[in-house]
Every structure is written in C-alpha cells, then in structure tokens.
Amino acid sequence: MEQELVQKLTRVEVMPAQAPATSLPNTDRFLMGMERSSVVVLDNGGGLLKAGFGGETDPIAVVPNCIGRPPSSKKWLVGDQLQADDADVTGVSLRRPIDRGYLINPEVQREVWDRVFRSLLNLEDLSQSSLLLVEPLFNPPSLQRSADELVFEEFGFGSLCVADSPSLVHLYEASRAQGPAVASLVVDCGFSFTHAAPVMQNLTLNYGVKRMDLGGKALTNYLKELVSYRSLNVMDETLLIDHAKEQLCFVSLDLQHDLRLSRKSGKENILKCTYVLPDGVTHTKGFVKDLNEARRYLSLPDGTTNCTTDLASKMGEMGGQGDTDKAEDRRKVDLTQNEFVLTNERFLVPEMLFQPVDLGMNQAGLAECIVRAVNSCHPYLHPVLFQNIILTGGSTLFPRFAQRLERELRPLVLDAYEVKITCQENPILGVWRGGSLLASSPEFESMCVTKAEYEEIGSVRCRRRFFH
C-alpha cells in the first residue's frame, strides 16, 4: 500500500490533499454560514474536552475533562463548573477519566459527557444525532468496547464515527493550504503524551508513529515538585500550578546562557517573576503579579516568539480572574505569604520535551523522536515529511517552541532536505476543527456505524470500518 502511495506522490506533484474520495474546499468558506449539523464532534482530550457541532468553526464547549471536589465541599464539580468565577480550586481533588492518553474510568467520563451533552450543547434526543469521536492512536480493543458502550448504550447516539487526531490535523491544514499537501508529519504534544505521526492522504501510517510519554501533565507535575522543594508545598494545587505553567514558562534557545542569567540577583535577573496564590477571600484564582516583569525574557537574544503565541492569549478561558485585572492592581496586592518566585523553573520545565535524559528519563527528545518517525517511512517520503511538520496540542504553545525545535532538528536532517515547521492557528482546537470539517463532508454518513449495526455485529467488527 505504501509503495502505491509513494508512486502516486512522485507522479502527481500538484495533487491537492483530499478527504476519503473527495476534494475539500477552503476551510473558512466551508465552515461559515452553514446551518447547525446533527453531528456532534467530540475531541476527548486528557486535559481539555472540546465539543461542538460539525460545520462550525469553533467548539461550543472547551472544558476540563475531569471532576473535582474542593476540600470545603462534598459536591463534585464537573467540567465547566471548575472554570466558574466563584469556584475555589485551591486544594481541589481531581478525578480524571483518562490516564496516559487512554480512557480507563468510564464512570467519570459518563459524568463529564452528560454535563457537556445535556447542559452545554443542550441535546435532548441523542438518538437523532451522530457522534464523531476522536480517539488516541493504538487504543486497545477493550477500551474501544468501553467507549462504544458509553456512546450507544449509555447515551444512545444514532451512529458513531471514530477518527484519530493526526489525520484530522492533516485534513484541516491541507484544506487551508494554498499549495499541495499530500503528506505531513503531525507532532501532537498533548496532555498525556507526545506523538510524531506521519500522515498520507489523510491516513495515519501507524508503523511510523513514535510516542513520547511526556505531555502537559508531566510538565505540570515537574513544576509542582520544583516549587514545593524551593518555595511552598503546592503538590495538591494541580490546577493552580497548571495555570502558572501556562502563563510563565517558555522554551530556552540557549540553555547554558539562561542558567547563568537565572543566578543573577536583583534587576539583572530578567527571568525572575512572581505568581500569587489565591487567598480564598479577595482572590479565588491564582495570577501573575506583574505581567511586564514576566515578559522581560523576550529581550533575550533571538527572543522572537516565531510562529507561536503566548499561552496567556490562547488559554484565557482557563486563566484566573486576576488575568482581567489592571496591571496596577496586580502590583498593589500584598500577599507575601501566598506567593512564590520562579526563575530557572520557567525554562527547565519545557526543557523536558527536548532533553528528557538530562532529567533522568530514559527517553529520546522530541527532535530525535521526529527523525525516527520519518526514517520509519519510505525514503521517498523523507523530504516531503520534513518539509511539512505540523505542530498541534497545548504544549506547543510555549513561546519559542517551534524555533527551538527547528534548531534541534537541523543537525539531524540531511542538508539536502528542507525543514519547515507549521504552527496551527490554534493548536488546542486544531483537532476539533479537522473533525468539524470531516463531519460536514458528504461521505461522513457512509463512514459511520449505526446503533443497529453495533447491536447486530458487535463492537469488534464495527471498529474495522475505522482502520483501527
């Protein structure tokens, strides 16, 4: 199969990327101005769940895929309730349905889905709706059956289609591209893991997929350990430290130089910044004390963010209420006992993705992972894949991420090959938008498994339709 695809690639150089059996129009023109679809698109991520209707540009709900209980309450908060302005997330106990990227707690997942479908999407009769579910690569059959039982038996959807994130990202980016994009390498740095997946003609080449067991969750846990060892015990403050990571961490372009700089004192240390913890009375969310102070690192050499965006702008819905306060009010807050200072932690945490060995983890770095994924494919595909690297996932939002990755890749790639990295417009929503595009295609209905087929032949035989 791969040989045929390679021959097609070498013969037809101007062939546009396509969905199965059809060409796709421009995304913006295709997604705008359409009536609401009966297809529910669900990107069931480990950190954030994205849900909405096929054909729309953005999802209706982007909520934490977990439930939490504050220490002062016996009530569990579900999904968007953890994002409410009056929700006190200090010391909250979290239960997540997904671990290491896979659905291992269907009971918790049912609670989150029920909240999203009934309250946020306002769906009453799910039997009249289809579901496009995004699942991780290499999902074990037993977990596939659990998901099918939730979809058909618990919620009663009329039909189901399953897709993986790399193919949807490729589909969305190919529809937006002006030139041909037959193949690409999708680098998905998500909450639970990082995948480097080659995609050709909207089919993920599973034999070439390489995985790192590092994601946003591991980075947050590492930051919790650093802060707890050096300042305050924050091992129970997962949501707060996650927010601090998103607001303050960045990727270093010169690690040794930044380490020397972080040892300086006073105003000479432009990496130093302060994060204020909530007091439970005046502030129920954590916030950065001085945003101008936190952004001084941009004055470092080669400090351009280069095709990446500050996490503060992309993760605003997960930010604390202090994000909307004026800068003057931030500096007036005096909570000396409830704040901690970050210096080298700001770049040592994202450094895990590039040099996990330096931190005691027996794994290859992201650049080496990408090279191994490309080398697993046919040699004719190597220049095409290196020229079409697409970054997606929340962890790629760290400032300077793409610039550092390109510097790491260049020495590992042949000089004759061009290395081109594309950052998605919104890496958090990229997979969902690809699903929305697929759900709006004329062939989508034929790709689905109906509830009647599921009841007749079972989950295993139904899943063969999805190339899993």
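The structure displayed is predicted, hence computed values, not measured ones.

Examining the sheet that holds strand S3 (residues 39-44)
Next, step 1: Strand order in this open sheet of 6 strands is S5-S4-S3-S11-S12-S22, and the pairing throughout is mixed. The sheet terminates laterally at strand S5 (61-64) and strand S22 (449-450), the two strands that pair on one side only.
Next, step 2: By the bridge criterion, 5 bridges tie S3 to strand S11 (residues 130-135) in an arrangement that is parallel. Residue pairing across strands places aspartate 43 opposite valine 134, the latter belonging to S11.
Next, step 3: Docked against the sheet, helix H17 (residues 430-439) engages S3, strand S4 (48-53) and S11, running at close to 155° with respect to S3.

Re the sheet that holds strand S19 (residues 339-342)
Next, step 1: Ordered in space as S18-S17-S19, the 3 strands form an open sheet in which the pairing is antiparallel. The open sheet has two edge strands with one neighbour each: strand S18 (287-288) and S19.
Next, step 2: In this sheet, S18 lies alongside strand S17 (residues 273-276) in antiparallel orientation, the contact comprising 2 bridges. Pairing of valine 276 across the sheet is with phenylalanine 287, part of S18.

Quick word on the confidence of the model for the protein chain
Next, step 1: Across the protein chain, the average pLDDT comes to 81, with 82% of residues at 70 or higher.
Next, step 2: Residue range residues 5-35 is modelled with pLDDT below 50. Its contacts to residues more than four positions away, or to other chains, number 53 contacts.
Next, step 3: Predicted confidence is poor over residues 303-335, with pLDDT under 50, and the contacts of this stretch with residues over four places away or in other chains come to 75 contacts.

Overview of the nonpolar core
Next, step 1: Of all hydrophobic cores here, the largest spans 62 residues; its most connected members are Leu366, Ile370, Ile389, Phe401, Leu405 and Leu409.
Next, step 2: With 7 residues, helix H14 (residues 366-375) is the single largest residue contributor to this core.
Next, step 3: Aside from chain neighbours lying at most four places away, what touches leucine 409 is Ala367, Ile370, Val371, Ile389, Val419 and Ile421.
Next, step 4: Listed in part, the 52 residues of the second largest apolar core include Leu49, Ile67, Val116 and Phe152.

Observations regarding the packing of aromatic side chains
Next, step 1: Applying the stated criterion to the full structure yields 9 aromatic pairs.
Next, step 2: Here phenylalanine 117 and phenylalanine 157 contribute two aromatic rings whose centre-to-centre distance is 5.3 Å and whose plane-to-plane angle is 80°, an arrangement assigned as edge-to-face. A residue pair is termed long-range when its members are at least 10 positions apart, and phenylalanine 117 in helix H3 (residues 106-120) and phenylalanine 157 in the loop between helix H4 (141-154) and strand S12 (159-164) qualify at 40 residues. The burial state of phenylalanine 117 is the same as that of phenylalanine 157; both residues are buried.
Next, step 3: Put simply, the rings of Trp113, Phe117, Phe155 and Phe157 touch in pairs and so form one group of aromatic residues.
Next, step 4: When the ring centre of phenylalanine 354 is taken as origin, the NZ or CZ atom of arginine 404, which lies over that ring, is 4.7 Å away.

Calculation notes
Residues numbered from 1 in each chain as written. Predicted model: local features only at pLDDT ≥ 70, side-chain atom pairs only at ≥ 80, totals over all residues. Heavy atoms only, no water. Pairing = 2+ DSSP bridges. Helix = DSSP H or I, 4+ residues; strand = E, 2+ residues; numbered from the N terminus. Contact = heavy atoms within 4.5 Å. Axes fitted to C-alpha atoms, helices over the stretch in contact; angles between N-to-C directions. pLDDT = per-residue confidence, 0-100. Core = buried A, V, L, I, M, F, W, Y, C linked by side-chain atoms within 4.5 Å. Buried < 20%, exposed > 50% of the residue type's maximum accessible area, 1.4 Å probe, protein only. Phe/Tyr/Trp six-rings, centres within 6.5 Å; stacked < 30°, edge-to-face > 60°. Lys NZ or Arg CZ within 6 Å of the ring centre and 35° of its normal.

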